[in-house]
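# Per-entry structural report
Take a look at the letters that make up each chain.
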Amino acid sequence: MKFFLLALYSIILFCVFLWIPFVYFYYEEKEEDDGNTCLQVKTALKYTLGFITICAVLLLIGAFVPLDIPNKKNSTEWEKVKLLFEEFGSSHGLTALSFSISSLTVIGMLAAITYTAYGMSALPLNLIKGTTSAAYERLENTEDIEEVEQHLLRIKSKCRDGRPLSSRDRRTMQQLEERLRTLRRRERHLESIEKSWWTKFCEAIRPLKIVWGVFFIIVALLFTVSLFLSNLDKALHSAGFDSGFIILGTNLTNPLNMLLPVLQTVFPLDYVLITTIVMYFIFTSMAGIRNMGVWFFWIRLYKIRRGKTQPQALLFLCMILLLIVLHTSYMIYSLAPQYVMYGSQKYLVQSNKTIDGQPSNVTTFVSKDCDADAPEDQCLVTRTYLFLHKFWFFSAAYYFGNWAFIAVFLIGLIVSCCKGKKSVIEGEVDEDDSDISDDELSVYYR
């Protein structure tokens, strides 16, 4: 398991800090300087060196950062796992890798809060509500075109006698001409969509989309309730902030935390459920990115649009999804801490039989789910859990991130409920677009 973790997470570091940045900068240089491949590779490597430096710094910090596992009084669970942490952290290479992966997981947590939490509410409600009719939108768009054209004619009539237009009229006329170009692009897109076979197919499976939307919203509410109960359990029963809100065992259980250990007894049902959870997070994350685009703080870098997405935007999409999937490994712990820590392990507890309320000399043993009170030789904490929670400050960040995730999901749910139906060409035509790819998109919709 140790070497498997090393290989898997090393591949992730390679993709995040070397491969994806190199390809991104290569495409950036390709747009600016066509033809000189050697120069493009050289420039891309120069910029990628900065990411490699960041990776090296994270590895160095992780190799030498002190592992201080808090050992508070009246917190015997720390004493029981401290030796496990120290044993697992004896290799500086593994500790360095854990620090680097945890740093990326924090970035993935921010991406999950931004995109996944919103996508969990937007995707099912968009499926339930559907989109507006292309024919109806086209009729409205035609009326808007006629209105803008009449406004332009009124402005142009002011200069028929040779008088120059005022600066205000010139600005208004320029804005109206831009608006007219956008409306005509919308007209071409709506016409293509109205005639396409894909639109007719989507109308035919409309009942199925409603069923999927209801299913997705139920799953989203299940995840949110499980995450809330898990975080509430940490708030009430963990050792506090300086322990990373880590809790060994479960006091407030949740549906997923009960279900996964049961499914683990029948191979491979638990893996099927985990795969389903990961795929659900991927689909909802893609829905969030599709609706919002790629942002850097308040600046939108790229739009994700069917048939018109730039290569750099696709690379950003891959990077964001990779980090979100990386964060999903911790999210599953938040949803099912018992499963991630101990799985379906049980230990035997001595119990004295009672007959008619009187103690008996007969001693029996009953099985109990593994927790912090279990003997060290009967229950083992999983190596994956130790790898993810080696540094308490990252665990504390994940704890607060889960609260932010719940808050963003609830806000997104309210906003999605209040919004009306999406346009059938939502995000496809904006005023800052050009006409270059309109023909390509109309071909796509045929």
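Residue positions are counted from 1 within each chain, in the order its sequence is given. Only residues with pLDDT of at least 70 get local features here, since the model is predicted, and only at 80 or more are side-chain atom pairs given and counted; chain-wide, interface and lining totals rely on the full set of residues. By convention in this description, side-chain values take in all heavy atoms of the structure and omit both hydrogens and water.

So, on to the overall build of the protein. Along its length, the protein carries 15 helices and four strands. Within the protein, contacts between residues separated by at least 24 positions form 78% of all contacts whose residues are at least 6 apart in sequence. Each accessible area is a Shrake-Rupley estimate made with a 1.4 Å probe; only the visible protein chains count as cover when residues are assessed. Accessible surface for the protein amounts to roughly 24500 Å². Of this, 64% is attributable to carbon and sulfur atoms. The numbering of helices and of strands both runs from the N terminus, where a helix is a DSSP run of H or I of at least 4 residues and a strand a run of E of at least 2. We call two residues in contact when some of their heavy atoms are within 4.5 Å.

Our next topic: a nonpolar patch on the surface. Here a patch means residues that are over 30% exposed by relative accessible area and free of salt bridges, tied together within 9 Å if like-charged and within 5 Å if nonpolar (Val, Leu, Ile, Met, Phe, Trp, Tyr). Each reported salt bridge corresponds to a side-chain nitrogen of Lys or Arg within 4 Å of a carboxyl oxygen of Asp or Glu. A cluster of nonpolar side chains, contributed by Phe 296, Phe 297, Trp 298, Ile 299 and Leu 301, occupies part of the molecular surface with about 640 Å² of accessible area. Inspection of the secondary structure assignment puts Phe 297 in the loop between strand 1 (294-296) and strand 2 (299-302).

This paragraph deals with the UniProt feature "transmembrane region" (unreviewed entry) in the protein. UniProt positions are given in the numbering used here, feature names are shortened, and annotations may be inferred rather than shown by experiment. UniProt annotation of "transmembrane region" (unreviewed entry) refers to residues 6-27, 47-67, 94-118, 210-229, 271-301, 313-333 and 391-415 when read in the numbering used here. Between the C-alpha atoms that bound residues 94-118 the distance is 34 Å, and the span itself is 100% helix and 0% strand. Each end of residues 313-333 is marked by a C-alpha atom, and these two atoms are 31 Å apart; helix forms 100% of the span and strand 0%.

Each pair of aromatic rings is reported with the distance of its centres and the angle of its planes. When the centres of two rings from Phe, Tyr and Trp lie within 6.5 Å, Trp using its six-membered ring, the rings pair. Their planes under 30 degrees apart give stacked, over 60 give edge-to-face, and anything left gives tilted. Within the structure shown, the criterion is met by 22 aromatic pairs. Between Trp 212 and Phe 216 the ring centres are 5.6 Å apart and the planes differ by 40°, which places this aromatic pair in the tilted class. With Trp 212 and Phe 216 both in helix 8 (residues 206-237), this residue pair falls four residues apart, about one helical turn. In this structure an aromatic cluster arises from ring pairing among Trp 212, Phe 215, Phe 216, Phe 223, Tyr 280 and Phe 281. Note that Lys 46 overlies the ring of Tyr 47, its terminal NZ or CZ placed 5.4 Å from the centroid. A ring has a charge above it when a Lys NZ or an Arg CZ is no more than 6 Å from the ring centre and no more than 35 degrees off the ring normal.

Before going further, it helps to examine the UniProt feature "coiled-coil region" (unreviewed entry) in the protein. Within this structure's numbering, the places UniProt gives as "coiled-coil region" (unreviewed entry) are residues 166-193. In residues 166-193, helix accounts for 96% and strand for 0%; the two terminal C-alpha atoms are 41 Å from one another.

Here the focus is the side chain of Lys 234. For Lys 234, the location among the structural elements is in helix 8. Within the buried core, Lys 234 has no salt-bridge partner, and the shortest N-O distance to an opposite charge, that of Asp 233, equals 8.8 Å. Lys 234 has contacts with Phe 245, Ile 247, Tyr 330, Tyr 333, Ser 334 and Tyr 399, leaving out every residue within four places of it along the chain. Buried residues are those whose accessible area, probed at 1.4 Å on protein chains only, stays under 20% of the maximum for their type, while exposed residues exceed 50% and partly exposed ones sit between those limits. We count Lys and Arg on the positive side and Asp and Glu on the negative side, and we leave His and both chain ends out.

Bridging between strand 1 and strand 2 involves three bridges; their strand directions are antiparallel. Bridging across to strand 2, Trp 295 finds its partner in Arg 300. Between the antiparallel neighbours strand 1 and strand 2 lie two residues, among them Phe 297 with a positive phi of about 55°. Pairing between strands is defined by DSSP: at least two bridges between them are needed.

The next thing to look at is the packing of helix 8 against helix 11 (residues 311-335). Close contact between helix 8 and helix 11 brings their axes to 8 Å; oriented N to C, the two are set at 75°. One finds that helix 8 runs roughly perpendicular with respect to helix 11. Residue-level inspection shows Phe 223, Ser 226, Leu 227, Ser 230 and Lys 234 of helix 8 in contact with helix 11, the latter providing Tyr 330, Met 331, Tyr 333, Ser 334 and Leu 335. A class-by-class count of the residues in the contact of helix 8 with helix 11 yields six nonpolar, three polar and one charged. Only the contacting stretch of a helix is used when fitting its axis, a line to C-alpha atoms as for every element, and angles between N-to-C directions run 0 to 180 degrees. If an angle is under 35 degrees, it is roughly parallel; if it is over 145, roughly antiparallel; if it lies from 65 to 115, roughly perpendicular; otherwise it is oblique. Each residue is assigned to one of three groups, with Ala, Val, Leu, Ile, Met, Phe, Trp, Tyr, Cys and Pro labelled nonpolar, Asp, Glu, Lys and Arg labelled charged, and all others, Gly among them, labelled polar.

Take the environment of Ser 329 next. Assignment of secondary structure puts Ser 329 in helix 11. In this structure, the C-alpha to C-alpha distance between Ser 329 and Thr 105, residues 224 residues apart in sequence, is 8.9 Å. A distance of 2.5 Å separates a polar side-chain atom of Ser 329 from the backbone oxygen of Leu 326. Between N or O atoms, a polar contact is any pair within 3.5 Å; within protein, one atom must be a potential hydrogen donor and the other a potential acceptor, and residues adjacent in sequence are included only when both atoms are from side chains.

A word on unusual backbone geometry. Between Phe 267 and Pro 268 the backbone carries a cis peptide bond, its omega angle lying at 0°. Summarising the element assignment, Pro 268 is placed in the loop between helix 9 (255-264) and helix 10 (269-292).

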